[in-house]
Amino acid sequence: MTNKPARVMVWDGAIRLVHWLMVALVPLLWWTAEEGHMDWHKSFGLTMFGLVLFRLIWGLIGTWTARFAPMVQRIGSLNIYIKKLRNRDSGATFGHSPLAVLSVFALLLALTAQVTTGLFSVDIDGLESGPLAVLISFETGRQFAAVHELNFNLLLALIGLHITAIAIYYFVLKDRLVEPMVTGHRSRADFPTSDLPENRLQLLPVIAAAALALACVIAISNFG
(Lines give C-alpha, C1' and ligand atoms only; values in the text may rest on other atoms or scores of the structure.)
Protein backbone atom coordinates (compact mmCIF):
# COMPACT_ATOMS: atom_id res chain seq x y z
CA MET A 1 0.00 0.00 0.00
CA THR A 2 1.41 3.40 -1.06
CA ASN A 3 1.72 5.98 1.68
CA LYS A 4 -0.02 9.23 0.83
CA PRO A 5 1.82 12.51 1.61
CA ALA A 6 0.71 14.32 4.74
CA ARG A 7 0.28 17.53 2.75
CA VAL A 8 -0.68 18.20 -0.85
CA MET A 9 -0.01 21.18 -3.09
CA VAL A 10 -3.20 23.10 -3.77
CA TRP A 11 -1.86 26.39 -5.16
CA ASP A 12 1.28 26.45 -7.28
CA GLY A 13 4.00 29.04 -6.82
CA ALA A 14 3.07 30.99 -9.94
CA ILE A 15 -0.55 31.56 -8.96
CA ARG A 16 0.43 32.49 -5.40
CA LEU A 17 3.01 35.02 -6.58
CA VAL A 18 0.55 36.61 -9.01
CA HIS A 19 -2.15 36.72 -6.33
CA TRP A 20 -0.03 38.55 -3.76
CA LEU A 21 1.48 40.93 -6.32
CA MET A 22 -2.06 41.90 -7.32
CA VAL A 23 -2.94 42.43 -3.65
CA ALA A 24 0.03 44.79 -3.31
CA LEU A 25 -0.60 46.64 -6.57
CA VAL A 26 -4.25 47.61 -6.00
CA PRO A 27 -3.54 50.06 -3.13
CA LEU A 28 -0.43 51.33 -4.94
CA LEU A 29 -2.48 52.07 -8.05
CA TRP A 30 -5.09 53.89 -5.97
CA TRP A 31 -2.47 55.93 -4.10
CA THR A 32 -0.49 56.96 -7.18
CA ALA A 33 -3.68 58.08 -8.93
CA GLU A 34 -4.90 60.04 -5.90
CA GLU A 35 -1.53 61.76 -5.42
CA GLY A 36 -1.03 62.46 -9.10
CA HIS A 37 2.08 60.31 -9.53
CA MET A 38 1.02 59.30 -13.01
CA ASP A 39 4.38 57.96 -14.18
CA TRP A 40 4.31 55.48 -11.31
CA HIS A 41 0.62 54.84 -11.90
CA LYS A 42 1.29 53.90 -15.52
CA SER A 43 4.17 51.62 -14.55
CA PHE A 44 2.11 49.88 -11.90
CA GLY A 45 -0.82 49.67 -14.32
CA LEU A 46 1.29 47.96 -16.96
CA THR A 47 2.57 45.59 -14.30
CA MET A 48 -1.01 44.76 -13.34
CA PHE A 49 -1.84 44.26 -17.00
CA GLY A 50 0.98 41.74 -17.26
CA LEU A 51 -0.19 39.90 -14.15
CA VAL A 52 -3.80 39.74 -15.37
CA LEU A 53 -2.67 38.51 -18.78
CA PHE A 54 -0.45 35.87 -17.17
CA ARG A 55 -3.35 34.72 -14.98
CA LEU A 56 -5.63 34.40 -17.99
CA ILE A 57 -3.02 32.36 -19.85
CA TRP A 58 -2.32 30.30 -16.73
CA GLY A 59 -6.03 29.56 -16.54
CA LEU A 60 -5.64 27.69 -19.81
CA ILE A 61 -2.27 25.92 -19.44
CA GLY A 62 -1.50 25.99 -15.72
CA THR A 63 -1.91 23.48 -12.93
CA TRP A 64 -5.28 21.82 -12.33
CA THR A 65 -6.42 24.19 -9.58
CA ALA A 66 -5.43 27.22 -11.69
CA ARG A 67 -7.29 26.19 -14.84
CA PHE A 68 -10.66 27.65 -15.75
CA ALA A 69 -12.26 24.50 -17.19
CA PRO A 70 -12.49 22.61 -13.84
CA MET A 71 -13.64 25.83 -12.20
CA VAL A 72 -16.54 26.22 -14.64
CA GLN A 73 -17.58 22.61 -14.01
CA ARG A 74 -17.81 23.29 -10.28
CA ILE A 75 -20.43 26.01 -10.75
CA GLY A 76 -22.93 23.23 -11.41
CA SER A 77 -22.66 22.08 -7.79
CA LEU A 78 -23.27 25.57 -6.38
CA ASN A 79 -26.66 24.73 -4.83
CA ILE A 80 -25.29 21.67 -3.05
CA TYR A 81 -22.35 23.67 -1.75
CA ILE A 82 -24.59 26.44 -0.41
CA LYS A 83 -26.65 23.84 1.49
CA LYS A 84 -23.44 22.61 3.12
CA LEU A 85 -22.54 26.15 4.13
CA ARG A 86 -25.92 26.59 5.79
CA ASN A 87 -25.00 23.64 7.98
CA ARG A 88 -21.67 25.34 8.74
CA ASP A 89 -19.80 22.78 6.71
CA SER A 90 -17.26 24.41 4.37
CA GLY A 91 -16.64 21.03 2.73
CA ALA A 92 -12.94 21.72 2.10
CA THR A 93 -12.49 21.83 -1.67
CA PHE A 94 -9.36 20.91 -3.56
CA GLY A 95 -8.99 24.23 -5.35
CA HIS A 96 -11.76 26.76 -5.71
CA SER A 97 -15.18 26.05 -4.23
CA PRO A 98 -18.21 26.85 -6.42
CA LEU A 99 -18.66 30.19 -4.62
CA ALA A 100 -14.96 30.97 -4.93
CA VAL A 101 -15.17 30.30 -8.67
CA LEU A 102 -17.76 33.06 -9.01
CA SER A 103 -15.56 35.37 -6.96
CA VAL A 104 -12.47 34.63 -9.05
CA PHE A 105 -14.29 35.21 -12.33
CA ALA A 106 -15.84 38.47 -11.07
CA LEU A 107 -12.49 39.78 -9.82
CA LEU A 108 -10.66 38.80 -12.99
CA LEU A 109 -13.35 40.41 -15.12
CA ALA A 110 -13.16 43.62 -13.08
CA LEU A 111 -9.34 43.65 -13.20
CA THR A 112 -9.39 43.02 -16.95
CA ALA A 113 -11.81 45.91 -17.44
CA GLN A 114 -9.67 48.12 -15.20
CA VAL A 115 -6.38 47.57 -17.00
CA THR A 116 -8.02 47.70 -20.44
CA THR A 117 -9.78 51.01 -19.82
CA GLY A 118 -6.57 52.37 -18.31
CA LEU A 119 -4.68 51.68 -21.53
CA PHE A 120 -7.07 53.94 -23.45
CA SER A 121 -7.87 56.59 -20.81
CA VAL A 122 -7.22 60.30 -21.26
CA ASP A 123 -7.32 62.87 -18.44
CA ILE A 124 -9.38 66.05 -18.62
CA ASP A 125 -6.44 68.15 -19.86
CA GLY A 126 -5.28 65.55 -22.32
CA LEU A 127 -1.81 65.59 -20.74
CA GLU A 128 -1.83 62.14 -19.18
CA SER A 129 -2.96 59.26 -21.36
CA GLY A 130 -2.75 55.51 -21.51
CA PRO A 131 -0.30 54.09 -24.06
CA LEU A 132 -3.08 53.08 -26.47
CA ALA A 133 -5.01 56.37 -26.26
CA VAL A 134 -3.40 57.50 -29.52
CA LEU A 135 -5.68 55.02 -31.29
CA ILE A 136 -8.89 56.80 -30.28
CA SER A 137 -10.33 60.31 -30.08
CA PHE A 138 -10.05 62.58 -27.06
CA GLU A 139 -13.77 62.20 -26.31
CA THR A 140 -13.58 58.41 -26.44
CA GLY A 141 -10.51 58.53 -24.21
CA ARG A 142 -12.45 60.55 -21.67
CA GLN A 143 -15.24 57.97 -21.75
CA PHE A 144 -12.69 55.24 -21.06
CA ALA A 145 -11.39 57.32 -18.14
CA ALA A 146 -14.91 57.60 -16.69
CA VAL A 147 -15.42 53.84 -16.93
CA HIS A 148 -11.92 53.34 -15.46
CA GLU A 149 -12.88 55.34 -12.37
CA LEU A 150 -16.32 53.76 -12.01
CA ASN A 151 -14.97 50.24 -12.46
CA PHE A 152 -12.39 50.80 -9.71
CA ASN A 153 -15.23 51.36 -7.24
CA LEU A 154 -16.79 48.10 -8.41
CA LEU A 155 -13.43 46.39 -7.99
CA LEU A 156 -13.15 47.70 -4.42
CA ALA A 157 -16.63 46.34 -3.65
CA LEU A 158 -15.68 42.91 -4.99
CA ILE A 159 -12.46 42.94 -2.97
CA GLY A 160 -14.46 43.86 0.12
CA LEU A 161 -16.80 40.91 -0.47
CA HIS A 162 -13.81 38.64 -1.01
CA ILE A 163 -12.20 39.67 2.28
CA THR A 164 -15.53 39.33 4.10
CA ALA A 165 -15.97 35.79 2.77
CA ILE A 166 -12.45 34.84 3.91
CA ALA A 167 -13.23 36.19 7.39
CA ILE A 168 -16.49 34.21 7.55
CA TYR A 169 -14.70 31.03 6.55
CA TYR A 170 -12.07 31.65 9.21
CA PHE A 171 -14.27 32.64 12.16
CA VAL A 172 -17.51 30.77 11.43
CA LEU A 173 -16.54 27.74 9.35
CA LYS A 174 -13.08 27.33 10.92
CA ASP A 175 -11.49 26.98 7.51
CA ARG A 176 -8.19 28.85 7.03
CA LEU A 177 -8.07 29.91 3.40
CA VAL A 178 -5.16 32.36 3.60
CA GLU A 179 -2.52 29.93 4.83
CA PRO A 180 -2.67 27.66 1.74
CA MET A 181 -2.40 30.74 -0.48
CA VAL A 182 0.86 31.53 1.33
CA THR A 183 2.37 28.05 1.64
CA GLY A 184 0.59 26.44 -1.31
CA HIS A 185 -0.28 23.31 0.70
CA ARG A 186 -3.09 21.85 2.77
CA SER A 187 -3.32 18.74 4.87
CA ARG A 188 -4.06 15.64 2.85
CA ALA A 189 -6.66 14.73 5.49
CA ASP A 190 -8.78 17.73 4.38
CA PHE A 191 -9.69 15.84 1.22
CA PRO A 192 -11.48 12.53 1.88
CA THR A 193 -11.37 11.28 -1.70
CA SER A 194 -8.66 8.76 -2.41
CA ASP A 195 -7.54 10.33 -5.70
CA LEU A 196 -6.78 14.00 -6.36
CA PRO A 197 -6.21 15.62 -9.76
CA GLU A 198 -2.64 15.97 -11.00
CA ASN A 199 -1.47 19.39 -9.81
CA ARG A 200 2.30 19.45 -10.31
CA LEU A 201 3.95 22.70 -11.37
CA GLN A 202 5.99 22.43 -14.57
CA LEU A 203 8.58 25.03 -15.49
CA LEU A 204 8.03 25.22 -19.24
CA PRO A 205 4.40 26.42 -19.12
CA VAL A 206 5.37 29.04 -16.52
CA ILE A 207 8.13 30.38 -18.76
CA ALA A 208 5.86 30.38 -21.82
CA ALA A 209 3.04 32.23 -20.04
CA ALA A 210 5.41 34.74 -18.43
CA ALA A 211 7.25 35.39 -21.71
CA LEU A 212 4.00 36.01 -23.61
CA ALA A 213 2.66 38.34 -20.93
CA LEU A 214 5.97 40.24 -20.74
CA ALA A 215 6.15 40.59 -24.53
CA CYS A 216 2.65 42.10 -24.58
CA VAL A 217 3.52 44.54 -21.80
CA ILE A 218 6.69 45.68 -23.57
CA ALA A 219 4.87 46.07 -26.90
CA ILE A 220 2.11 48.18 -25.37
CA SER A 221 4.49 50.29 -23.26
CA ASN A 222 6.43 51.20 -26.41
CA PHE A 223 3.34 51.78 -28.52
CA GLY A 224 2.84 55.44 -27.70
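Everything numeric here is computed off the predicted structure, so don't read it as measured data.

Criteria and cut-off values
Residues numbered from 1 in each chain as written. Predicted model: local features only at pLDDT ≥ 70, side-chain atom pairs only at ≥ 80, totals over all residues. Heavy atoms only, no water. 1 Å grid on protein atoms, 1.4 Å probe; cavity = no way out; pocket = protein on both sides within 12 Å on 5 of 7 lines; lining within 4 Å. Points joined across faces, edges and corners; volume = space filled by probe spheres on them. Helix = DSSP H or I, 4+ residues; strand = E, 2+ residues; numbered from the N terminus. Nonpolar A, V, L, I, M, F, W, Y, C, P; charged D, E, K, R; others polar. Axes fitted to C-alpha atoms, helices over the stretch in contact; angles between N-to-C directions. Parallel < 35°, antiparallel > 145°, perpendicular 65-115°, else oblique. Left-handed = near helix turned anticlockwise from the far one by under 90°. Contact = heavy atoms within 4.5 Å. Expected span 1.5 Å × (residues − 1). Buried < 20%, exposed > 50% of the residue type's maximum accessible area, 1.4 Å probe, protein only. Patch = residues over 30% accessible without salt bridge, like charges linked within 9 Å, V, L, I, M, F, W, Y side chains within 5 Å. Areas by Shrake-Rupley, 256 points an atom, 1.4 Å probe, with all protein chains shown as cover. Salt bridge = Lys/Arg side-chain N within 4 Å of Asp/Glu carboxyl O.

A closer look at the layout of surface pockets
Estimated volume of the largest pocket: approximately 1300 Å³. Lining the largest pocket are 46 residues; nearest its centre among them are His-19, Ser-103, Leu-107, His-162 and Ile-166. Residue assignment for the lining of the largest pocket shows that the elements contributing at least two residues are helix 1 (13-35), helix 4 (78-86), helix 5 (98-120), helix 6 (138-171) and helix 7 (178-183). Among the elements that take part in the lining of the largest pocket, helix 6 stands out by supplying 10 residues, more than any other. Considering only residue class, the lining of the largest pocket consists of 34 nonpolar, nine polar and three charged. Taken as a whole, the second largest pocket encloses approximately 970 Å³ of empty space.

Some points on the packing of helix 5 against helix 6
Between helix 5 and helix 6, whose axes approach to 8 Å, the crossing angle comes to 155°. Judged by the inter-axis angle, helix 5 sits roughly antiparallel to helix 6. As helix 5 packs across helix 6, the resulting crossing turns out to be left-handed. Each of Ser-103, Ala-106, Leu-107, Ala-110, Leu-111, Ala-113, Gln-114, Thr-117, Gly-118 and Phe-120 in helix 5 lies in contact with helix 6, whose residues at this interface are Gly-141, Phe-144, Val-147, His-148, Asn-151, Phe-152, Leu-155, Leu-158, Ile-159 and His-162. Considered class by class, the residues forming the contact of helix 5 with helix 6 number 12 nonpolar, eight polar and no charged.

Here we look at helix 6
Over its 34 residues, helix 6 extends 50 Å from the first C-alpha to the last, a length consistent with the 50 Å expected when each residue adds 1.5 Å. When helix 6 is considered as a whole, its buried residues turn out to be Gly-141, Ala-145, His-148, Asn-151, Phe-152, Leu-155, Leu-158 and Tyr-169. Tucked inside the fold, the buried residues of helix 6 contact helix 1, helix 2 (38-61), helix 4 and helix 5.

Some details on a nonpolar patch on the surface
Residues Trp-20, Val-23, Val-178 and Val-182 make up a contiguous nonpolar surface patch of roughly 330 Å² in combined accessible area. Secondary-structure elements contributing two or more residues to the nonpolar patch are helix 1 and helix 7. Within the element layout of this structure, Val-23 appears in helix 1.

Quick look at the packing of helix 1 against helix 2
Across the interface, helix 1 lies against helix 2 with an axial gap of 9 Å and an inter-helix angle of 155°. Judged by the angle between their axes, helix 1 and helix 2 are roughly antiparallel. You can see that helix 1 and helix 2 cross each other, and the crossing is left-handed. Residues Ala-14, Ile-15, Val-18, Leu-21, Met-22, Leu-25, Val-26, Leu-28, Leu-29, Thr-32 and Ala-33 of helix 1 form the contact with helix 2, whose own contacting residues are Met-38, Trp-40, His-41, Phe-44, Gly-45, Thr-47, Met-48, Leu-51, Val-52, Phe-54, Arg-55 and Trp-58. The class makeup of the residues in the contact of helix 1 with helix 2 is 18 nonpolar, four polar and one charged.

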